[in-house]
Amino acid sequence: MTVVAIVGNPGNTLYEIIFYVHVLVAIVGYGTVVLNGLFAANAQALDLPQRFGAQSTKHRVDTIAEYFIYANFAAGLLLVFLADENSVVGFDQTWVSLSMLLWIVAIGISHGLLIPSEKKYLADLEAQVGGAEPGSTGVDLAALDKRMAASGAGLNVLLAVILYLMIWKPGA
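Let us look at the structure shown here. (Residues numbered from 1 in each chain as written. Predicted model: local features only at pLDDT ≥ 70, side-chain atom pairs only at ≥ 80, totals over all residues. Heavy atoms only, no water.)

## Regarding the overall build of the protein
- Check the secondary structure of the protein and you find five helices and zero strands.
- Start at the N end of the protein and walk to the C end: the helices and strands fall as α-α-α-α-α.
- Residues counted as buried form 36% of the 172 residues belonging to the protein.
- Across the protein, contacts joining residues at least 24 apart in sequence account for 74% of those joining residues at least 6 apart. (Helix = DSSP H or I, 4+ residues; strand = E, 2+ residues; numbered from the N terminus. Buried < 20%, exposed > 50% of the residue type's maximum accessible area, 1.4 Å probe, protein only. Contact = heavy atoms within 4.5 Å.)

## Some thoughts on the nonpolar core
- In terms of nonpolar packing, the biggest core is built from 32 residues, with Val89, Trp103 and Tyr121 touching the most fellow members.
- Residue contributions to this core peak at eleven residues, all from helix H4 (residues 94–129). (Core = buried A, V, L, I, M, F, W, Y, C linked by side-chain atoms within 4.5 Å.)

## Structural notes on unusual backbone geometry
- Although it is not a glycine, lysine 169 sits at a positive phi angle of roughly 45°.
- Here lysine 169 lies in the segment after helix H5 (141–168).

## Comments concerning the side chain of serine 117
- Mapped onto the fold, serine 117 is located in helix H4.
- Of the polar contacts made by the side chain of serine 117, one reaches the side chain of arginine 147; its length is 3.4 Å. (Polar contact = N/O pair within 3.5 Å; in protein donor to acceptor, adjacent residues only side chain to side chain.)

## Structural notes on helix H1 (residues 13–33)
- Between the first and last C-alpha of H1 there are 30 Å, a value that for 21 residues agrees with the 30 Å anticipated at 1.5 Å per step.
- Summarising the contacts, the buried residues of H1 are in contact with helix H3 (48–82), H4 and H5.
- Two or three places before leucine 14, at the start of H1, stands the capping residue asparagine 12, its side-chain oxygen 2.9 Å from that residue's backbone nitrogen. (Expected span 1.5 Å × (residues − 1).)

## Some details on a nonpolar patch on the surface
- Judged by side-chain polarity, Ile17, Tyr20, Val21, Leu24, Val28, Ile64, Tyr67 and Phe68 come together as a nonpolar surface patch covering roughly 740 Å² of accessible area.
- Per element, the largest residue contribution to the nonpolar patch is five residues, and it comes from H1. (Patch = residues over 30% accessible without salt bridge, like charges linked within 9 Å, V, L, I, M, F, W, Y side chains within 5 Å. Areas by Shrake-Rupley, 256 points an atom, 1.4 Å probe, with all protein chains shown as cover. Salt bridge = Lys/Arg side-chain N within 4 Å of Asp/Glu carboxyl O.)

## Thoughts on the packing of H3 against H4
- Following both chains from N to C, one finds H3 and H4 inclined at 165°, their axes separated by 11 Å at the closest point. When the interaxial angle is binned, H3 and H4 end up roughly antiparallel. As for the relative orientation of H3 and H4, their crossing is left-handed in sense.
- Its residues assigned to classes, the contact of H3 with H4 comprises 17 nonpolar, six polar and seven charged. (Axes fitted to C-alpha atoms, helices over the stretch in contact; angles between N-to-C directions. Parallel < 35°, antiparallel > 145°, perpendicular 65-115°, else oblique. Left-handed = near helix turned anticlockwise from the far one by under 90°. Nonpolar A, V, L, I, M, F, W, Y, C, P; charged D, E, K, R; others polar.)

In structure tokens:
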């Protein structure tokens, strides 16, 4: 398997700056959230107030990381628009269209499953810190744990597939 060189618009300083931003915000955004499953698993060993503090801090940091993830997509779009006509970067390329589609699916999983589950989980932890019984907010914590774990693992797989598409550029 051959890695296809990144040639979008060689010598175009704006293209190179946007490419740099694309990679930088990817590192910050995805790097922040990719190990959330480990973070959550380790937080289970903490006592309740510490676990609530750790999980709510993680959630706030993830919310900031979302903006870097959105910026990654925006920078990718700009790269496609700035690429020259002889480039392997274009909407007519399978790897570009499929990467963008998978990113949209990932955002749907994040906003449809993961983030709402995290918010419910945090609300129940907060109630427990206030003296309530686990699940008193009407949520099944075990089911939320499973949903968050499955969503997070699925998102990591999608990220790995998107990276594969961007590095090896099948169809280019």
